[in-house]
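# Descriptive analysis of the structure
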Amino acid sequence: MIKVKRIDHVAVAVADRDAAAGDLSALFGLTAGAREHVASQKTDVAFLHADGARADATALEICAPAGNEALARFLASRGPGLHHVCFEVEDLGGALAALKAAGVRLIDETPRPGARGHLVAFLHPAATGGVLFELCEQADAVRGTGSAA
């Protein structure tokens, strides 16, 4: 139905982004990447990478609520843990239109700003066997400058 380019990241929900990122970095020897407050999603995120990994390798996203009520409820009911898997797609708007036309339940019907300047959208877990999936389009693709380095 849609073409996934790669798994961009796997996200872990935590209460304290910096503490969790530090603990996981130390435990697994991961290297810190982008760290930011994503105002549009009311979250604080940090990306961790395997040491020496390629720039396009799958990242681990540490995600903490910073006013995001849904994420806070997730943590309150389930505790810290796996939150979502993010697939990179070529044309996020087109992918969402194709999914909607096929009757797939979406959380976001249009792309919105996400971390690292990417556009993002979430699919409803009811449409994907109970797993929350995010789709993203890389920042450089959004600007029309080609693929990521």
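Look up: the structure comes first, before these words.
Residues numbered from 1 in each chain as written. Predicted model: local features only at pLDDT ≥ 70, side-chain atom pairs only at ≥ 80, totals over all residues. Heavy atoms only, no water.

## Focus: the pairing of strand S4 (residues 59–65)
Stated precisely, the cut-off is as follows: Accessibility here uses a 1.4 Å probe with only protein chains present; expressed as a share of the type maximum, an area under 20% marks a residue as buried, one over 50% as exposed, and anything in between as partly exposed. Helix and strand assignments come from DSSP, with helices taken as H or I runs of at least 4 residues and strands as E runs of at least 2, each series counted from the N terminus. By definition, two strands form a pair when at least two bridges between them are found by DSSP.
Across the seven residues that make up S4, a large majority, five, are buried. Of the pairings in the sheet, the one linking strand S3 (residues 43–50) to S4 comprises six bridges and is antiparallel in character. Pairing of valine 45 across the sheet is with cysteine 63, part of S4.

## Focus on the side chain of aspartate 108
Keep this limit in mind: Distance and chemistry together define a polar contact, namely a pair of N or O atoms within 3.5 Å, with one atom able to donate a hydrogen and the other to accept it when in protein, and with adjacent residues in sequence counting only for side-chain atoms on both sides.
One can find aspartate 108 in the loop between helix H3 (92–101) and strand S6 (112–113). According to the relative accessible area criterion, aspartate 108 is buried, its value standing at 11%. From its side chain, aspartate 108 meets the backbone nitrogen of phenylalanine 122 in a polar contact 2.8 Å long.

## Description of the pattern of salt bridges
Let me state the cut-off plainly: One speaks of a salt bridge when a side-chain nitrogen belonging to Lys or Arg is within 4 Å of a carboxyl oxygen belonging to Asp or Glu.
Considering all chains together, one arrives at ten salt bridges under this definition. Between glutamate 90 and lysine 5 there is a salt bridge, with its nearest N and O atoms 3.5 Å apart. Here glutamate 90, found in the loop between strand S5 (81–89) and H3, pairs with lysine 5, found in strand S1 (residues 4–13); they are 85 residues apart in sequence, far enough to count as distant. Arginine 35 serves as the salt-bridge partner of aspartate 18, at 2.9 Å between the closest nitrogen and oxygen. Residue aspartate 18 is found in helix H1 (residues 17–28), and its partner arginine 35 is found in strand S2 (residues 30–38); the two are separated by 17 residues along the sequence. Within the structure, one salt-bridge network assembled from shared partners comprises Lys5, Arg6, Asp8, Glu88, Glu90 and Arg116.

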